[in-house]
Amino acid sequence: MSKDFEEASTRPFAFVDALPEPSLVVRGGVVVAGNAAARAVLGDSCEGEDIRLVIRQPAALERLLRSGPADEEIELFGLGGFERRWMMSVAAVDDDAKLVRLTDRSEAHAAEQMRVDFVANASHELRTPLATLVGYAETLREQGDDLDAATRSRFTGIVHDEARRMQRLVEDLISLSRIEAERFTAPTDALDLQPLVEEAVSLCQTSASERGCDLKISVADGLPRVAGDRAQLLQVLDNLISNGIRYGRTGGPITIAAAAEGETIHLRVSDVGEGVAPEHIPRLTERFYRVDASRSRTQGGTGLGLSIVKHIVERHRGRLSIESRLGAGTTVHVHLPKAEKASS
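Note that the structure is predicted; figures quoted are calculated from it, not measured. (Residues numbered from 1 in each chain as written. Predicted model: local features only at pLDDT ≥ 70, side-chain atom pairs only at ≥ 80, totals over all residues. Heavy atoms only, no water.)

1. Topic: the overall build of the chain
Inclusion rule: Secondary structure elements are defined from DSSP: runs of H or I of at least 4 residues count as helices, runs of E of at least 2 residues count as strands, and each element is numbered from the N terminus. Think of it in three bands: with a 1.4 Å probe and only protein chains considered, a residue is buried below 20% of the maximum accessible area for its type, exposed above 50%, and partly exposed in between. Contacts: residue pairs with any heavy atoms within 4.5 Å of one another. Here the open area of atoms and residues is found with the Shrake-Rupley method and a 1.4 Å probe, where only the protein chains shown may cover a residue.
Broken down by element type, the chain carries 10 helices and 12 strands. The burial tally for the chain puts 41% of its 344 residues in the buried class. Expressed as a percentage of contacts within the chain between residues at least 6 apart in sequence, the contacts between residues at least 24 apart total 58%. Surface accessibility of the chain: about 18,400 Å² in total, with carbon and sulfur atoms responsible for 50%.

Listed below in structure tokens is the structure:
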């Protein structure tokens, strides 16, 4: 144990214990005091250690060990975990001691990274159909008179399909933005799930017929009402049923079931199909995540459907889970609070 630490045994810097964030006092390059939050991040034995063994980041150490004014902030990486990010602030305590405070910026950094990734992904998703639109539109404008009727019809069909793809993507982006803006306000309307399920099935019937899928409804009699936003719950059902039609086996059944379970209503949508490998399941609700990107685009998916479902369920103070087996199919479970038990 260093001499500096022995001299500090009476804890003249005990004020650090009252600080909420990880905090240290460094004197002569040695940690002479540290609070519980600092020990949790840097190790129980950080007090009495050379600061170069506690914080092994050159830029931070250079700032800590040099003389002169101490007020400065430096970003640190990896303390307490590979993904953790901190802002280290340094302030003079007395002539030869410095207070080091670590502010956790991990969540803020993750949120910013998500925003950057979201913008990049959205731009990419819009750029692809836009490039197709421009290419075929230019061909029709410049060579339209030279094309036979069948080719013109095929080109205009492609232009229409790509325009609709962009429209669906923009609508989903707007919807996601609106849901996120409302996430702090839990819906409180008491809604019957049976007519919502029937309406969603009716809306999806045409696409189900095209794939030869049989939509089966299994809603328990006397089902209690749920606390919810009608339009958003209809969107949840539409997205889940559409996914079942899109990714389930051609001609396979899709079951939409609902029953009371404890203090919640358990809604599930099941398909019979290829299923999803276990490693993909945790990422299915990420924006623009696709197990098979080429297949999703071919079948008209925007990559936002399950992300929208997740955000709507969270706004309803519900719970979402997905189970799937390769070669067997996928079931999405949604638990929603009963109307009389809903809370904000």
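2. What to know about the pattern of salt bridges
The criterion, for reference: Each salt bridge in this description consists of a side-chain nitrogen of Lys or Arg and a carboxyl oxygen of Asp or Glu lying within 4 Å of one another.
Here the structure, examined in full by the defined rule, presents 11 salt bridges. Here E21 ties to R101 by a salt bridge, and the two come within 2.4 Å at their closest N and O atoms. In this pair, E21 is assigned in the loop between α1 (3–7) and β1 (23–27) and R101 in strand β5 (residues 97–104), connecting sequence segments 80 residues apart. Since its relative accessible area comes to 15%, E21 is described here as buried. Accessibility expressed as a relative area gives 29% for R101, which makes it partly exposed. Close ionic contact of R315 with D229 constitutes a salt bridge, the shortest N to O distance being 3.3 Å. Of this pair, R315 sits in helix α10 (residues 305–315) while D229 sits in the loop between β8 (226–227) and α8 (230–247), and the two are 86 residues apart along the sequence. Take D229: its relative accessible area is 22%, and that puts it in the partly exposed class. Beyond isolated ion pairs, a larger network of salt bridges with shared partners links E182, D229 and R315.

3. Remarks on the confidence of the model for the chain
Any segment with low pLDDT has predicted coordinates that should not be analysed in fine detail. What counts is decided by this rule: Per-residue confidence from the predictor is given as pLDDT, running between 0 and 100.
The share of residues in the chain with pLDDT of 70 or more is 89%, and the mean pLDDT across the chain is 82. No element of the chain has a lower mean pLDDT than α1, which averages 49, and none a higher one than strand β10 (residues 264–271), which averages 95.

4. Remarks on the environment of P282
With respect to the helices, strands and loops of the structure, P282 is situated in the loop between β10 and α9 (293–298). For P282, a relative accessible area of 64% puts it in the exposed group. Counting along the chain gives 39 residues from P282 to S321, while the straight-line C-alpha distance between them is 9.3 Å.

5. Some details on the pairing of strand β4 (residues 85–92)
Rule in force here: Here, any two strands with at least 2 DSSP bridges between them count as paired.
Here β4 runs beside β5; their pairing, made up of 7 bridges, is antiparallel. From the neighbouring strand, S89 faces β5, where its bridge partner is R101. From the end of β4 to the start of β5, which pair antiparallel, there are 4 residues.

6. Quick notes on the packing of α8 against α10
The criterion, for reference: Every axis corresponds to a line fitted to the C-alpha atoms, with the helix fit spanning only the stretch in contact, and the corresponding angles, defined between N-to-C directions, vary from 0 to 180 degrees. If you view the pair so one helix is near and one far, a crossing is left-handed when the near helix is turned anticlockwise from the far one by less than a right angle, and right-handed when it is turned clockwise. Three classes are used, and their members are as follows: Ala, Val, Leu, Ile, Met, Phe, Trp, Tyr, Cys and Pro are nonpolar, Asp, Glu, Lys and Arg are charged, and the others, Gly among them, are polar.
Between α8 and α10, the shortest axis-to-axis distance is 9 Å and the interhelical angle comes to 145 degrees. Handedness of the α8/α10 crossing: left-handed. From α8, Q232, Q235, V236, N239, L240 and N243 reach across to α10, where they touch G305, L306, I308, V309, I312 and R315. Residue composition of the contact of α8 with α10, grouped by class: 6 nonpolar, 5 polar and 1 charged.

7. Some remarks on the nonpolar core
Put simply, the rule is: The definition of a nonpolar core used throughout is a set of buried Ala, Val, Leu, Ile, Met, Phe, Trp, Tyr and Cys residues joined through side-chain atoms within 4.5 Å.
The biggest cluster of nonpolar side chains holds 46 residues, and the ones touching the most others in it are L193, L215, L240, I241 and I256. Secondary-structure elements contributing two or more residues to this core are α6 (149–181), α7 (193–211), β7 (214–219), α8, β9 (253–261), β10, α10 and β12 (329–337). Listed in part, the 21 residues of the second largest apolar core include V31, V41, A60 and L61.

8. Some points on α8
Here is the rule we go by: Multiplying 1.5 Å by the residue count of a helix minus one yields the expected span of that helix. N or O atoms closer than or at 3.5 Å make up a polar contact, with two conditions inside protein: a donor-capable atom paired with an acceptor-capable one, and, for residues adjacent in sequence, both atoms drawn from side chains.
With 18 residues, α8 extends 26 Å between its outermost C-alpha atoms, agreeing within 8% with the 26 Å of an ideal straight helix rising 1.5 Å per residue. Residues Q232, L233, L234, V236, L237, N239, L240, I241, S242, N243, G244 and I245 constitute the buried set of α8. The opening residue of α8 is D229, an N-cap whose side-chain oxygen sits 3.1 Å from the backbone nitrogen of A231.

9. Considering the packing of α6 against α10
The test is simple: Should an angle fall under 35 degrees it is taken as roughly parallel, and over 145 as roughly antiparallel, whereas 65 to 115 is taken as roughly perpendicular and any remaining angle as oblique.
One can describe the packing of α6 onto α10 by two numbers: an axis separation of 10 Å at closest approach and a directional angle of 20 degrees. By the angle between their directions, the pair α6 and α10 is classed as roughly parallel. For the pair α6 and α10, the crossing hand works out as left-handed. Note on element contacts: α10 touches α6 through S307, I308, H311 and I312, opposite D172, S175, L176, I179 and E180. Of the residues contributing to the contact of α6 with α10, the split by class is 4 nonpolar, 3 polar and 2 charged.

10. So, unusual backbone geometry
One non-glycine residue, R317, lies in the positive phi region at around 60 degrees. Accessibility expressed as a relative area gives 31% for R317, which makes it partly exposed.

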